[in-house]
Amino acid sequence: MYMKTLRPYVIIFVTQTIDGRISIRGKRTLLSSERDLARMHYLRRNVDAIMIGARTVIVDDPILIPRPLNNVAKTPIRVVIDGRLSIPLDAKILDARVSTTIVFTSTRNKNTAKAREIAARNVLLEYIEPIDDENHLDLCKVLEVLKDKYKVSRLLVQGGGRLIGELVERKLFDEMIISITPKIIGKNGVPVIDREIQGIIDLNLSSVQIDHVSGEVVLVYRAI
Ligand SMILES: NC(=O)c1ccc[n+]([C@@H]2O[C@H](COP(=O)([O-])OP(=O)(O)OC[C@H]3O[C@@H](n4cnc5c(N)ncnc54)[C@H](OP(=O)(O)O)[C@@H]3O)[C@@H](O)[C@H]2O)c1
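The present account deals with the structure reproduced in this document. Residue indices begin from 1 for each chain and proceed along its sequence in written order. At least 70 in pLDDT is required for a residue's local features to be given in this predicted model, at least 80 for side-chain atom pairs to be given and counted, and no such filter applies to totals for whole chains, interfaces and linings, which use all residues. Hydrogens and water molecules were not included; the side-chain quantities draw on all heavy atoms of the structure.

To continue, consider the overall build of the chain. The way it works is that DSSP assigns letters per residue, a run of H or I at least four long becomes a helix, a run of E at least two long becomes a strand, and they are numbered from the N terminus. The helix and strand tally for the chain stands at 5 helices and 11 strands. Scaling as 2.2 N^0.38, a compact globule of 224 residues should have a C-alpha radius of gyration of about 17 Å, and the chain matches this with 17 Å. Within the chain, buried positions represent 48% of all 224 residues. The contact criterion used is simple: two residues touch if any of their non-hydrogen atoms lie within 4.5 Å. For the chain, contacts bridging at least 24 residues in sequence account for 71% of all contacts bridging at least 6. Note on areas: these come from Shrake-Rupley sampling with a 1.4 Å probe, and a residue is covered only by the protein chains present in the view. Put simply, the chain shows about 11400 Å² of open surface, and 51% of that area lies on carbon and sulfur atoms. His is not counted here, nor are the chain ends, while Lys and Arg score as positive and Asp and Glu score as negative. Taken as the charge centre is NZ of Lys, CZ of Arg, CG of Asp or CD of Glu, depending on the residue. On the chain, the mean spot of the 34 positive side-chain charges and the mean spot of the 27 negative ones are 3 Å from each other. To get the radius of gyration, use the C-alpha atoms; to get the globule rule, take the number of residues to the power 0.38 and multiply by 2.2 Å. Buried, partly exposed and exposed residues are distinguished by accessible area as a fraction of the type maximum, computed with a 1.4 Å probe on protein chains only: under 20%, between the cut-offs, and over 50%, respectively.

This is the structure in structure tokens:
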């Protein structure tokens, strides 16, 4: 088991439909109400960094900053996990004038033209030795670098299903906040946990809020 002190406190926040989908596959999908977005931005204002997977950058192209930006003591660092370095160069998250961005990628991408182009935008690249031929990165190492080198104590993870799935399976999280929106997507949606899990992951339910205005149910779980 990975020592908790070696990594940041990890909060996963996700908005899902009642059938456990987080978007239509390959399509930017607005699931959150204004009130849900306000809850999300409150969380963003209270962390040191926000992390997403490469597919979320490709599909959603988020800026990933708290709104409103005034009254935010320090804009959180934006973190992308992109083993293959596949995010597009015109992604909004690569605009380092807005906030610091760190892209974690495989050491195999060192000195590539794409890596140079990304670095030229003042985006920080962190190279991790891949654990397989698919340029998969060990998320323990990623979290360790965030804590040790970038002093990230609280990290918010905002999807997608593959990144969340791996963090959950490896128990690399402390809190999971699931906002259930009264919508259904069905089989062409991305599941909140897009991964095979060995066995069952147990969680402790710590609070339930029902937003009677938007119809959302917000569940807060703690990792056991
Ligand atoms: N409703 C919500 O709250 C919410 C929030 C965020 C996103 N979303 C939705 O989620 C969808 C994207 O989710 P997704 O599951 O397809 O993708 P994802 O989790 O955003 O990104 C997965 C990709 O990131 C890279 N990656 C993740 N972990 C890695 C690791 N350990 N090592 C190396 N690379 C790693 C891999 O890229 P490679 O395959 O290139 O190696 C992987 O395919 C989008 O449709 C978006 O709209 C919804």
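Take the environment of valine 10 next. Positionally, valine 10 belongs in strand S1 (residues 9–17). For the pair valine 10 and phenylalanine 173, spaced 163 residues apart in sequence, the C-alpha separation works out to 4.7 Å. Other than its neighbours up to four places away in sequence, valine 10 contacts Leu143, Leu155, Val157, Leu172, Phe173, Asp174 and Glu175.

What follows deals with helix H5 (residues 161–169). Extensive coverage of H5 is indicated by the burial of 7 of its 9 residues. Among all positions in H5, only Gly161, Leu163, Ile164, Gly165, Glu166, Leu167 and Val168 are buried. Following H5 by one or two positions, lysine 171 has its phi on the positive side, about 55 degrees.

Pairing is mixed across the open sheet formed by 9 strands, whose spatial order is S6-S5-S4-S3-S7-S1-S8-S11-S10. Since the sheet does not close on itself, it has two edges, and those belong to strand S6 (124–128) and strand S10 (203–211), each with one partner. Each strand axis lies, on average, 20 degrees off the axis of its neighbour in the sheet, ignoring direction. Note on pairing: two strands pair once DSSP finds at least 2 bridges between them. For S1 and strand S7 (residues 154–157), the ladder comprises 4 bridges, and the chain directions are parallel. By the bridge assignment for S7, isoleucine 12 is matched with valine 157. For helices, the fitted line uses only the C-alpha atoms of the stretch in contact; every axis is such a line through C-alpha atoms, and the angle between N-to-C directions lies from 0 to 180 degrees.

Each patch is built from residues that are more than 30% exposed by relative accessible area and take part in no salt bridge. Like charges join if they lie within 9 Å; nonpolar side chains (Val, Leu, Ile, Met, Phe, Trp, Tyr) join within 5 Å. A carboxyl oxygen of Asp or Glu within 4 Å of a side-chain nitrogen of Lys or Arg is what we treat as a salt bridge. On the surface, Leu205, Val208 and Ile210 cluster together into a nonpolar patch covering about 280 Å² of accessible area. Relative to the elements of secondary structure, isoleucine 210 occurs in strand S10. Its relative accessible area of 52% is what places isoleucine 210 among the exposed residues.

Our next topic: the site of the ligand. Taken together, 27 residues are adjacent to the ligand, and Ser23, Thr56, Asp60, Leu137 and Arg162 come closest. For the ligand, a nitrogen atom lies 2.8 Å from a polar atom in the backbone of leucine 137. Measuring from an oxygen atom of the ligand, one finds a backbone N or O atom of leucine 163 at 3.0 Å. Look at the ligand: alone it shows 930 Å² of surface, and the protein chains cover 91% of it. Elements supplying a minimum of two residues to the shell around the ligand: S1, strand S2 (21–24), helix H2 (54–60) and H5. Examining the composition of the shell around the ligand, we find that 5 residues originate from one element, H2, more than from any other. Amino acids outside the nonpolar list (Ala, Val, Leu, Ile, Met, Phe, Trp, Tyr, Cys, Pro) and the charged list (Asp, Glu, Lys, Arg) are all regarded as polar, and Gly is one of them. Per-class residue counts for the shell around the ligand are 10 nonpolar, 12 polar and 5 charged. Summary of the distance rule: residues count as near a molecule or strand when at least one heavy atom falls within 4 Å of that molecule or strand. For this analysis, a polar contact is any N or O atom pair within 3.5 Å, provided that within protein one partner can donate a hydrogen and the other can accept it, and provided that sequence-adjacent residues contribute only side-chain to side-chain pairs.

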